[in-house]
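Summary of the model geometry
So the chains spell out like this:
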Amino acid sequence: MREMQSIKKVIGSIEFGILSPQEIRKMSAAEITVPDTYDDDGYPIEGGLMDKRLGVIDPGLRCETCGARYGECPGHFGHIELARPVIHVGFAKTIYRILESTCRECGRIKLTEEEIKDYMKKLELVGDRKKARDKLIREIHKKAKERMVCPHCGAPQFPLKFERPTIYWEVRKDELGNEYRHRMMPTEIRDRLERIPDRDLPLLGLHPEKSRPEWMVLTVLPVPPVTVRPSITLESGIRAEDDLTHKLVDILRINNRLKTNIEAGAPQLIIEDLWDLLQYHVTTYINNETSGVPPAKHKSGRPLKTLAQRLKGKEGRFRGNLSGKRVNFSARTVISPDPMISINEVGVPLAIAMELTVPEKVTEFNIEKLREMVLNGPEKYPGANYVIDPQGRRIKLMESNKEKMADMLDIGWTVERHLLDGDIVLFNRQPSLHRMSIMAHRVRVMPYKTFRLNLAVCPPYNADFDGDEMNLHVPQTEEAQAEARILMEVQNHIISPRYGGPIIGGIQDHISGGYLLTREGAYFTRSEVEQMLMFAGVDIDKLPEPDKVENGVEYWSGKTIFSLLLPEGLTIWYRNKLCDDPSKCEPLEKLIEEKLLPDPEEVKKLAYDGFVYIQNGKLLSGAIDKKAYGREDGKILDIIVREYGVERARQFLDQVTKLAIWVITHKGFTTAIDDEDLPEEAMDRIKEIIREAEERVNRLIEAYKAGELEPLPGKTLEETLESKIMAVLAEARDNAGKVAEQYLGMNNFAVIMAKTGARGKILNITQMAALLGQQSIRGKRLHRGYRGRVLSHFKPGDLGARARGFIVNSYKSGLTPQEYFFHAMGGREGLVDTAVRTAQSGYMQRRLINALQDLKVDYDGTVRDPTGIIVQFRYGEDGVDPMKSWQGKTVDVERVIVRSLLKLRAKR
Amino acid sequence: MAAKKGFNIFAHELVPEHRILSEEEKEELLKKYKIKISQLPQIKAKDPAVQALGAKPGDIIEIKRKSPTAGVYYYYRIVVED
Ligand SMILES: [Mg+2]
Ligand SMILES: [Zn+2]
Ligand SMILES: [Zn+2]
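Presented here is an overview of the structure given in this document. Treat the numbers as computed from the prediction; the structure is a model and nothing was measured.

**Quick word on helix 7 (residues 243-263) of chain A**
Residues and elements named next belong to chain A.
- Its 21 residues place the ends of helix 7 30 Å apart at the C-alpha level, agreeing with the 30 Å of an ideal helix rising 1.5 Å per residue.
- All of the buried residues along helix 7 are Asp243, Leu244, Thr245, Lys247, Leu248, Val249, Ile251, Leu252, Ile254, Asn255, Leu258 and Asn261.
- Where helix 7 starts, the residue carrying a side-chain oxygen 2.9 Å from the main-chain nitrogen of Leu244 turns out to be Asp242.
- Positioned one or two residues after helix 7, Gly265 has a phi angle of 70°, which is positive.

Structure (structure tokens):
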């Protein structure tokens, strides 16, 4: 904490460029000349690579540049004066390109003044568009390198050859016209680069002030601070140096030898050898995976991890430490359900609550509470793990010092206290594909070891409880906590920005229970009503009048009870999923259309489970199903969010789910194999349907074989036959399903689930009770396997229904071995599809995120990239936030009209 | 280069209306969004619609599109060389 105070600055902008030799010397704290680290006593050698002016890593020493100790001194750069310049490998290709583009005599770019003017203009037009800019620079290079006579000074030019990694040749001609190759040493290259005038640099893709080309040839080498290449003391007490330090020792050793040889006037050949060796060491120091260069290795044979290796790859600085990093104040464990907590709460195990802390500033209002917590210490909940004094010193609380710290505690201190009920935390489940994957919850500290969450938030996280784990993060500042509270709490995400409807809502038993509660004829006694309302947490003073009294017993209808949860004044009507007979809805619809707010008694006479009518917060007709408060199409929930706010919607959802759960647990709800029992009469009818279908298929096959089948337009004869057979068989299954449906009514739990949308489809029931029907691969009947048949149990060429994957049995009656195999074939396709789809959509998602992550909506409503390039002139063309939209549309005009009419009526 | 004889791309229902902005309109647009020319979306000079209009690099094209969300939506693109 303390060291941070000395360097509190805000980054305004970042510019990338090449360090000039002057800059390297200016930022250097010391010139390094000695190719060694520590002396025999283990003390840093002056002028060596661990020089104390570069910072210290030994706890006892002080930095000679800033005077600070280990951990406080950030470290300082040093430098090495190279005896001879060397190429920076990272720029080797760029250097080649620049040399090719410029004159070997005068250094100008080999373009005519006219071309220069032209390209400058184009460059301006291109602006910050990287792709277009790179293309233009490439084009300029191509044009300039072709010029064999300088357009400025008229000097003849020679072609250049580049030999990886750092060797350049000039293909010259002698007086006789014979070609010969001249090796250009870094000194010569540097001279040529120096001659290039500043004004030509933009055309080479360089910024004259930030990156002069000659800086790509190193004359001075920066030595990174000791703190970025600390030595490690092994258990055996031996010091192991960092790979970078090893490499720098090599560079210094050769550099010194080269220097003495030059000073001693050694032969050119020896000097060039040493020079090349220095080049090798500097090259591998920068990138030890340069192609064409044998990597420098440790004594053990392990390749050294040098500068480029620190940055590159998944565990490199960028992907491993900047794009993604490890964080503190986070927890992860298995999740399990808890229907009793609110949707915006999360159950946190006590053990985690005692590990995670929130820094709370001590004020006169909370000092007593915090003192108590400090006194409790780290091992007694609710306690604290650290205190921070006004000087910013962080003191760990222990059993031994907690009394003393509690005593010293005063206003101005900060206490890192245990997590308490009501603290705001972020809750997350991978893969975090949309923004609802991280939402803010309020803490409920609980026993046991799992995170608990309300079932209604399973859909946004896509969570279930078969072993899923989730992450939890504790925001540490008031700003972060406030942001999380305002923007990220669960209730703010009930409406999904994906389709402008609720993504959080009742699921499964919430729906079934809602139906059991509100269907026609559902009545409850006083004791039941009192219990369920208490369970749901509905706070009312007095029950409404009972709906009926029978034999002196009072009864309330489920609709009356449900109405207690609805906001006052809510009026809405819609046809729900249970409406299978529109003629039963029409009279009510007409009545409402005529009178808008018809007499409740009149409505009750027409009441139909398939048509919901809520008048002023009273459910008068219709049963609750998925369309009421389910995800995706929960109309009532949707309206409450929009017209009564998210907090009211949260309360409604909390209460209604609990109410439904009470009803379903007390009324009893189960589905078993007898839910698929059909009377013999029904089974006979189904058998007859199958028999008829098979017969029709056989007739089609015979017609085909006799050549009497008329091909459908655009199809071959075979395709015609196939599609006709498929149609016949599909119809057969549908008819069989309808028969099954006729015999299974709303007293059947499986049917209740299917019809209300709680779980499953009618098709699933059909497949269990009647027959599975046609199995298919890629939309075709099964046909692959043996020659002319799928299985050897059939005759070759058999095109009949059963030979091509039509399953006449149901899950309940049991499949024949052949049918079982067909089913496995069809099932395999589904598995492969999901596997392929997740892989493909994952890749697509990554590409989209990479392309779109930096776009933002500006205050003027435009969508721009970080450089200000406009992508859309108005966000989404209409400027509408999809989360605030109505099913993606700006407004729900009909609802606006209805509300206006209702308001008008209320005034009258 | 004029459009091919007998075929007017703007008559096709999938091709939105294109229009070259006048100098004043150009000025106004850049001022309205506080942008440089280089921050506009681009359209290539060889684009059939640009060729049919006879627009040159540096011109700004206004495209009037039908939008499922907003009804009508105007988009502006700067003509650039290919
Ligand atoms: Mg799971
Ligand atoms: Zn220092
Ligand atoms: Zn020249």
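Next comes the rest of the write-up.
**Some points on the coordination of the magnesium ion (ligand 1)**
Residues and elements named next belong to chain A.
- Those donors, Asp464 (OD), Asp466 (OD) and Asp468 (OD), are the protein atoms that reach the magnesium ion (ligand 1), and they lie 2.0 to 2.1 Å from it.
- Sequence spacing among the residues donating to the magnesium ion (ligand 1) works out to D-x1-D-x1-D.
- Its relative accessible area of 37% is what places Asp464 among the partly exposed residues.
- Classification of Asp468 by relative accessible area gives buried; the value is 11%.

**Looking at helix 28 (residues 817-852) of chain A**
- With 36 residues, helix 28 of chain A extends 52 Å between its outermost C-alpha atoms, agreeing within 8% with the 52 Å of an ideal straight helix rising 1.5 Å per residue.
- Looking only at helix 28 of chain A, the buried set comprises Glu819, Phe822, Met825 and Gly826 of chain A.

**As for the sheet that holds strand 20 (residues 553-557) of chain A**
Residue and element names in this part refer to chain A.
- Across the sheet, which stays open at both edges, the three strands sit in the order 18-20-19 with antiparallel pairing between neighbours. In this open sheet, the two edge strands, each paired with only one partner strand, are strand 18 (523-525) and strand 19 (548-550). With direction set aside, neighbouring strand axes in the sheet form an average angle of 40°.

**Remarks on the interface of chain B and chain A**
- Taken together, the contact pairs 19 residues of chain B with 21 residues of chain A.
- When chain B packs against chain A, the two sides together hide about 1600 Å² of surface, and 52% of this comes from carbon and sulfur.
- Considering only the side of chain B, the residues that lose the most area to chain A are Tyr33, Gln39 and Tyr73 of chain B, jointly responsible for 35% of the buried surface there.
- Counting across the chain B and chain A interface gives one salt bridge.
- Measuring nitrogen to oxygen at the nearest pair gives 3.7 Å for the salt bridge that ties Glu81 of chain B to Lys122 of chain A.
- One can count seven residue pairs in polar contact (both at pLDDT 80 or more) joining chain B with chain A.
- No other element matches the five residues that strand 4 (residues 71-80) of chain B contributes to the side of chain B that touches chain A.
- Residue classes in the side of chain B that touches chain A are distributed as twelve nonpolar, five polar and two charged.

What counts and what doesn't
Residues numbered from 1 in each chain as written. Chains lettered and ligands numbered in written order. Predicted model: local features only at pLDDT ≥ 70, side-chain atom pairs only at ≥ 80, totals over all residues. Heavy atoms only, no water. Helix = DSSP H or I, 4+ residues; strand = E, 2+ residues; numbered from the N terminus. Expected span 1.5 Å × (residues − 1). Buried < 20%, exposed > 50% of the residue type's maximum accessible area, 1.4 Å probe, protein only. Polar contact = N/O pair within 3.5 Å; in protein donor to acceptor, adjacent residues only side chain to side chain. Donors = N, O, S within 2.8 Å, 3.2 Å for Na, K, Ca; no water. Pairing = 2+ DSSP bridges. Axes fitted to C-alpha atoms, helices over the stretch in contact; angles between N-to-C directions. Contact = heavy atoms within 4.5 Å. Buried area = accessible area lost by both parts, 1.4 Å probe. Salt bridge = Lys/Arg side-chain N within 4 Å of Asp/Glu carboxyl O. Nonpolar A, V, L, I, M, F, W, Y, C, P; charged D, E, K, R; others polar.

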